[in-house]
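Residue strings, one per chain:
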Amino acid sequence: MSSHSVSKKVLVLLTSRYPYKPGEEFLSNEIAILSDFFDHIHIIPTNHIVDLQTVRPIPNNVTVHLFDSLCKPIGKLRKFLRVGLLFLHHHNIKVLKEEWKRASQFGMRGVLKACYWFSLAEVVRKELNVFLNGLNEDDIILYSYWLSPAAMAITMIDKTDVIKVARAHGGDLYEYRYNPPYLPFQTSVIKSLDRLFTISKDGYTYLVNKDKSIESKLSVARLGTRNHHQRAKKSKDGVLRIVTCSYLKPVKRISLLVQALGYCKSKVLWTHIGDGELRDEILEKASQLPPNIEFRFLGNLSNDQVLETYTNYAFDLFVNVSESEGIPVTIMEAFSFGIPVMATNVGGTAELVNEENGVLISKDVSPQELGKYIDEYALLPDDVKEKMSEAAYRTWSVQYNAEQNYSSFAKELLEIKEMKKR
């Protein structure tokens, strides 16, 4: 009997850099659970890797494959040549022609973005084709973690027996985040996938509103975080301890929070986890806060260190004032420790935060208003805060538990595979 008479469950996952740093921290939770459902998972990072030393641990049945053409940075001339080579093939010209109408609405920038996107997809496709031919497996599931050129590459694979799926988060989904507001090939890629999983209902609705014909291709598959069987300690000394966890970049608007703290009358100890381009500017502003506001910057921490921080210190409120979001995993993490959340109503945040487990505020909140919200929260009776803490944990437990969500996701992937075989 052939060794291939029982088909193996094989998943090929295209990431940005994972398991290498930085980014995609929360993929570790997903991989840990997916590895129980598949005989083998092959990971292919598709973005150039800065530091090969900082690799995260992966399960035993997961293998990482690095391809020079994807993982090594290339110069501008090579990028230009890569785009030029597209026009040597009649099929590529046909694909670009189909996208031309949308791309050209955004002038030369739109056209160049489409060409560059396609050239990246073509490089990934070539590597993927060679890899799959050498894999010698049937019934493979190809899974792009992002709705990126890697997802487009998956749709360009001409094997009929593979399942093609992708996730869509925020930056790879919402066109309005960009100038010009354009993400190339989005609709055509979704139509060519077997399924696209959005991480929020908001993302699902956004896509359906753009094009009703793709609805049958969409599912919501929420992310999740692990159960730490631990609740954050609460302040007992009249100080409100708030925590933020994000990159220090403009979209996260940490400077808005610093301004707001300047208006607070309450005693506040603010802890920030994360680093980034605005660090010096934000530290400078924070150093001018009035004496009732203390702050500490912990810098970049690994996910395990973040969890350790939530375990060891008292936190009363997690704050997120982002200008845009997909659905913030940092909020799920806070909820899993029973920390209520104050957050701006952007992206899928309203699917997480409500008046029971926190405070949902307008995206256009002013520093004065935000300061007032923080003061109002500080003055809430302890029993009300405790109820919010319980509701925060309950929200996590019902909707954002990694074990539940990623097990359901794995089962759905395998169901798609079975349906396609019939």
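Computed from a predicted model, the values in this text were never measured in an experiment. (Residues numbered from 1 in each chain as written. Predicted model: local features only at pLDDT ≥ 70, side-chain atom pairs only at ≥ 80, totals over all residues. Heavy atoms only, no water.)

Participant: Would you mind going over the pairing of strand S10 (residues 293–299) with me for this structure?
Facilitator: Two faces make up the sheet, and in a regular strand the side chains alternate between them. Two strands pair when backbone bridges link them, and strand S9 (residues 268–273) and S10 are joined in this way by 6 bridges, in the parallel orientation. Looking across to S10, one finds that Ile273 is bridged to Gly299. (Pairing = 2+ DSSP bridges. Helix = DSSP H or I, 4+ residues; strand = E, 2+ residues; numbered from the N terminus.)

Participant: What's the story with the sheet that holds S10 in this structure? I'm lost.
Facilitator: Strand order across the open sheet formed by 6 strands is S10-S9-S8-S11-S12-S13, with parallel pairing between neighbours. Here the strands that pair on one side only, and so sit at the sheet edges, are S10 and strand S13 (358–361). Strand after strand, the sheet turns through a mean of 20° between neighbouring axes, direction not considered. As paired elements, strand S8 (residues 240–245) and strand S11 (residues 317–320) share 2 bridges and run parallel to each other. (Axes fitted to C-alpha atoms, helices over the stretch in contact; angles between N-to-C directions.)

Participant: Can you walk me through the nonpolar core in this structure?
Facilitator: Soluble, globular proteins show a tendency: their nonpolar side chains are buried together. Membership of the largest hydrophobic core comes to 52 residues, with the highest contact counts inside it found for Tyr310 and Phe318. Sorting elements by how many residues they give to this core places helix H15 (residues 402–421) first, with 7 residues. Leaving out residues up to four positions away in the same chain, Tyr310 has contacts with Ala232, Val243, Cys245, Ile273, Phe315, Phe318, Glu333, Ala334, Phe337 and Ile339. In terms of nonpolar packing, the next biggest core, distinct from the first, is built from 51 residues, Leu70, Ala121, Leu173 and Leu218 among them. (Core = buried A, V, L, I, M, F, W, Y, C linked by side-chain atoms within 4.5 Å. Buried < 20%, exposed > 50% of the residue type's maximum accessible area, 1.4 Å probe, protein only. Contact = heavy atoms within 4.5 Å.)

Participant: Is there a simple way to think about the packing of aromatic side chains in this case?
Facilitator: Here a ring pair, both rings aromatic, is described through the centre-centre distance and the interplanar angle of the planes. Within the structure shown, the criterion is met by 16 aromatic pairs. Here the aromatic rings of Tyr145 and Trp146 are separated by 5.3 Å at their centres, their planes lie at 90°, and the arrangement is edge-to-face. The class of Tyr145 is buried, set by a relative accessible area of 4%. Seen in terms of ring centroids, Tyr310 and Phe337 are 5.4 Å apart; in terms of plane orientation they differ by 65°. Their pairing is edge-to-face. With Tyr310 in helix H11 (residues 303–312) and Phe337 in the loop between helix H12 (329–336) and strand S12 (341–344), this pair connects stretches of sequence that are 27 residues apart. The same class applies to Tyr310 and to Phe337, which are both buried. An aromatic cluster is built from Tyr143, Tyr145, Trp146, Phe197 and Phe409, whose rings are joined through pairwise contacts. Across from the ring centre of Phe409, 4.3 Å away, lies the NZ or CZ of Arg167, which sits over that ring. (Phe/Tyr/Trp six-rings, centres within 6.5 Å; stacked < 30°, edge-to-face > 60°. Lys NZ or Arg CZ within 6 Å of the ring centre and 35° of its normal.)

Participant: Just to check I follow, could you spell out the pairing of strand S5 (residues 163–168) for this structure?
Facilitator: In terms of residue burial, S5 counts as a mostly covered element, since 6 of its 6 residues are buried. Of the two faces of S5, both are covered, the one formed by Ile163, Val165 and Arg167 as well as the one formed by Lys164, Ala166 and Ala168. Inspection of the sheet shows strand S4 (residues 140–144) paired to S5 by 4 bridges, in the parallel sense. Bridge pairing in S5 links Ile141 to Ile163. Bridge count for S5 against strand S6 (residues 195–198) is 4 bridges, and the pairing is parallel. Within S6, the residue paired with Val165 across the bridge is Arg195. A crossover connection joins S5 to the parallel S6 through helix H7 (residues 186–192); in handedness this β-α-β unit is right-handed. (Right-handed = clockwise from strand over helix to strand, strands pointing away.)

Participant: Explanation requested: unusual backbone geometry in the structure shown.
Facilitator: For residues that are not glycine, phi is negative in most cases, and the peptide bond is trans in most cases. Along the chain, Tyr18 connects to Pro19 via a cis peptide bond; the corresponding omega equals 10°. In this fold, Pro19 is placed in the loop between strand S1 (10–15) and helix H1 (27–37). Cis geometry marks the peptide bond from Asn179 to Pro180, where omega comes out at 0°. If you trace the backbone, Pro180 turns up in the loop between S5 and H7. Unlike most non-glycine residues, Arg253 shows phi in positive territory, near 50°. With relative accessibility at 17%, the residue Arg253 sits in the buried group.

Participant: Hey, could you run me through the sheet that holds strand S2 (residues 40–45) in this one?
Facilitator: Where strands meet in a sheet, backbone hydrogen bonds hold them as pairs that are either parallel or antiparallel. Judged by pairing direction, the sheet is parallel, and its 7 strands sit side by side in the order S3-S2-S1-S4-S5-S6-S7 without closing on themselves. On the outer flanks of this sheet lie strand S3 (62–64) and strand S7 (218–220), each paired with one strand and no other. Across the sheet, the axes of successive neighbouring strands diverge by a mean angle of 20°, strand direction being ignored. On the sheet, helix H5 (residues 107–135) packs against S1, S2 and S4 and is oriented at approximately 160° with respect to S1. Here H15 sits on the sheet and contacts S1, S4, S5, S6 and S7; the angle it forms with S5, its principal contact strand, is near 150°.

Participant: It is not clear to me how a negative patch on the surface should be interpreted in this structure. Could you clarify?
Facilitator: Taken together, Asp382, Asp383, Glu386 and Glu390 make up a surface patch of like negative charges. Tracing the chain through its elements places Asp383 in helix H14 (residues 382–399). (Patch = residues over 30% accessible without salt bridge, like charges linked within 9 Å, V, L, I, M, F, W, Y side chains within 5 Å. Areas by Shrake-Rupley, 256 points an atom, 1.4 Å probe, with all protein chains shown as cover. Salt bridge = Lys/Arg side-chain N within 4 Å of Asp/Glu carboxyl O. Lys, Arg positive; Asp, Glu negative; His and termini not counted. Charge placed at Lys NZ, Arg CZ, Asp CG, Glu CD.)

Participant: Mind showing me how you'd approach the confidence of the model for the protein chain here?
Facilitator: As a general rule, the predicted coordinates of low-pLDDT regions are not to be interpreted in detail. Summary statistics for the protein chain give a mean pLDDT of 90 and a share of 94% for residues scoring 70 or more. Between residues 1–5, whose pLDDT stays under 50, and residues either more than four places distant or in other chains, the model counts 3 contacts. (pLDDT = per-residue confidence, 0-100.)

Participant: Please clarify how the packing of helix H9 (residues 254–261) against helix H13 (residues 367–378) should be interpreted in this entry.
Facilitator: Relative placement of two packed helices is described by the angle separating their axes and the distance separating the axes. At a minimum axis separation of 8 Å, H9 and H13 run at an interaxial angle of 70°. Classified by the interaxial angle, the pair formed by H9 and H13 is roughly perpendicular. The two elements H9 and H13 meet at a crossing, and its hand is right-handed. Two secondary-structure elements touch here, H9 through Leu256, Leu257, Gln259, Ala260 and Leu261 and H13 through Pro367, Leu370, Gly371 and Ile374. Taken together, the residues that form the contact of H9 with H13 break down as 7 nonpolar, 2 polar and no charged. (Parallel < 35°, antiparallel > 145°, perpendicular 65-115°, else oblique. Left-handed = near helix turned anticlockwise from the far one by under 90°. Nonpolar A, V, L, I, M, F, W, Y, C, P; charged D, E, K, R; others polar.)

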